[in-house]
Structures are given as structure tokens and as C-alpha cells.
Amino acid sequence: MAGRAQIPTKSSALIAMIADEDTITGFLLAGVGNVDLRRKTNYLIVDSKTTVKQIEDAFKEFTTKEDIAIILISQYVANMIRFLVDSYNKPVPAILEIPSKDHPYDPAHDSVLSRVKYLFSAESVASGRR
């Protein structure tokens, strides 16, 4: 399988989160939180005082860290940095858009779902099926 990105295997990997306080709290209670030796967390709580630059910086940091396998981002937050989310094309960490309490999930804005639909439509056209 030449040209395919190799997914690194490790003994453990983290889930990073960018979301509202209630969503982050739920995941922290489930044991997803982490604080490293430099006192950096694997989450960003987005509220009315959070700037788009802070969200962009957290997204860029989480996508470049070696120990993060999945980034969960609230869809309404992903819409604030849609250009970054849509331009991200690496398999790891995987970006998953999730709903929040105040903002329901909208499949029309989900970049992963739109990529999957595109792949399946291209596959069906290439194979002669519809």
C-alpha cells in the first residue's frame, strides 16, 4: 500500500477536546482529562470570553501533539474555525465534531461526513453503480 500514511502505534494515546464547559466537564468526569508536566491540559473550554485566535491555537497545538489520537470539537466551535477543520487532512489525530447542549448537531456542516459522502459517491460512480 504505497503512498498510504502509516498510523503510529503507541501504548496509549489521549483524546483532546475543544468545547463548552458542560461538555468538557462530562468528559473530564469520564476520565478523559490530562495535565502534562508543563501543566498543559488536553482540553480548551470555550465560553463567551474565548477568542477565535485561542481556539485556532488550541486546534493547531492538539493536531501537532504526538500523544493525541482523537480531537473532539463541538460543531458550533468547529464552525468558528471551519477553514482549519476543513483543511486538516491527516488520519491521526482524527477530528470528530460533536453536538453540545445548546447547539444541536447539523450534518450539513460536518466535514468528516461530507468527505465520507464524497468518497462513497465517487466510489459508486467509478464502479458503475448508483
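Conventions and cut-offs
Residues numbered from 1 in each chain as written. Predicted model: local features only at pLDDT ≥ 70, side-chain atom pairs only at ≥ 80, totals over all residues. Heavy atoms only, no water. Helix = DSSP H or I, 4+ residues; strand = E, 2+ residues; numbered from the N terminus. Contact = heavy atoms within 4.5 Å. Areas by Shrake-Rupley, 256 points an atom, 1.4 Å probe, with all protein chains shown as cover. Patch = residues over 30% accessible without salt bridge, like charges linked within 9 Å, V, L, I, M, F, W, Y side chains within 5 Å. Salt bridge = Lys/Arg side-chain N within 4 Å of Asp/Glu carboxyl O. Buried < 20%, exposed > 50% of the residue type's maximum accessible area, 1.4 Å probe, protein only. Core = buried A, V, L, I, M, F, W, Y, C linked by side-chain atoms within 4.5 Å. Pairing = 2+ DSSP bridges. Right-handed = clockwise from strand over helix to strand, strands pointing away. Lys, Arg positive; Asp, Glu negative; His and termini not counted. Phe/Tyr/Trp six-rings, centres within 6.5 Å; stacked < 30°, edge-to-face > 60°.

A. Representation of the overall build of the protein chain within the structure. The secondary structure content of the protein chain amounts to five helices and four strands. Secondary structure elements in the protein chain, listed N-terminal to C-terminal, are β-α-β-α-β-α-α-β-α. Long-range pairs, those at least 24 residues apart, make up 64% of the contacts in the protein chain between residues at least 6 apart in sequence. Summed over its atoms, the accessible surface of the protein chain is roughly 8800 Å², and 58% of this surface lies on carbon and sulfur atoms.

B. Examining the side chain of Arg82 more closely. When you line up the elements, Arg82 lands in helix 4 (residues 82–87). Excluding anything up to four places from it in sequence, Arg82 contacts Gln75, Glu97, His109 and Ser111.

C. Here's a closer look at a nonpolar patch on the surface. A cluster of nonpolar side chains, namely Val112, Val116 and Phe120, defines an oily patch on the protein surface of about 250 Å² accessible area. Within the fold, Phe120 resides in helix 5 (residues 111–126). For Phe120, a relative accessible area of 55% puts it in the exposed group.

D. Representation of the nonpolar core. Ranked by internal contacts, the top residues of the largest apolar core, which has 19 residues, are Ile18 and Phe59. Looking at this core, the elements that each hand over two or more residues are strand 1 (14–19), helix 2 (52–64), strand 3 (68–74), helix 3 (75–80) and helix 4. Sequence-distant contacts of Phe59, defined by excluding residues within four places in its chain, comprise Ile18, Ile81, Leu84, Val85, Tyr88 and Ile95. Among the nonpolar cores identified, the runner-up in size contains six residues, and Met17, Ala19, Val32 and Ile98 belong to it.

E. Seen up close, the pairing of strand 1. Strand direction decides the pairing type here: strand 1 and strand 3, joined by five bridges, are parallel. Across the sheet, Met17 pairs through a bridge with Leu72, a residue of strand 3. Since strand 1 and strand 2 (residues 43–45) lie parallel, the crossover through helix 1 (residues 21–29) that links them has a hand, and here it is right-handed.

F. Main features of the side chain of Glu56. Following the sequence through the fold, Glu56 ends up in helix 2. One buried charged side chain, Glu56, makes no salt bridge at all; its nearest oppositely charged neighbour is Lys60, positioned 4.7 Å away. Excluding anything up to four places from it in sequence, Glu56 contacts Ile81, Phe83 and Leu84.

G. View of the environment of Met17. Looking at the element boundaries, Met17 is found in strand 1. Taking the relative accessible area as the measure of exposure, Met17 reaches 2% and is therefore buried. A sequence separation of 78 residues divides Met17 from Ile95, and the C-alpha atoms of the two residues are 9.8 Å apart. With residues up to four places along the chain from it excluded, the contact list for Met17 reads Ile24, Phe27, Leu28, Val32, Asn42, Tyr43, Leu44, Phe62 and Leu72.

H. Structural view of the packing of aromatic side chains. Applying the stated rule across the entire model yields one aromatic pair. With a centroid separation of 6.1 Å and an interplanar angle of 80 degrees, the aromatic rings of Phe59 and Tyr88 are classed as edge-to-face. One end of the pair, Phe59, is in helix 2; the other, Tyr88, is in the loop between helix 4 and strand 4 (94–98), and 29 residues separate them in sequence. Across this residue pair, the class does not change: Phe59 and Tyr88 are buried.

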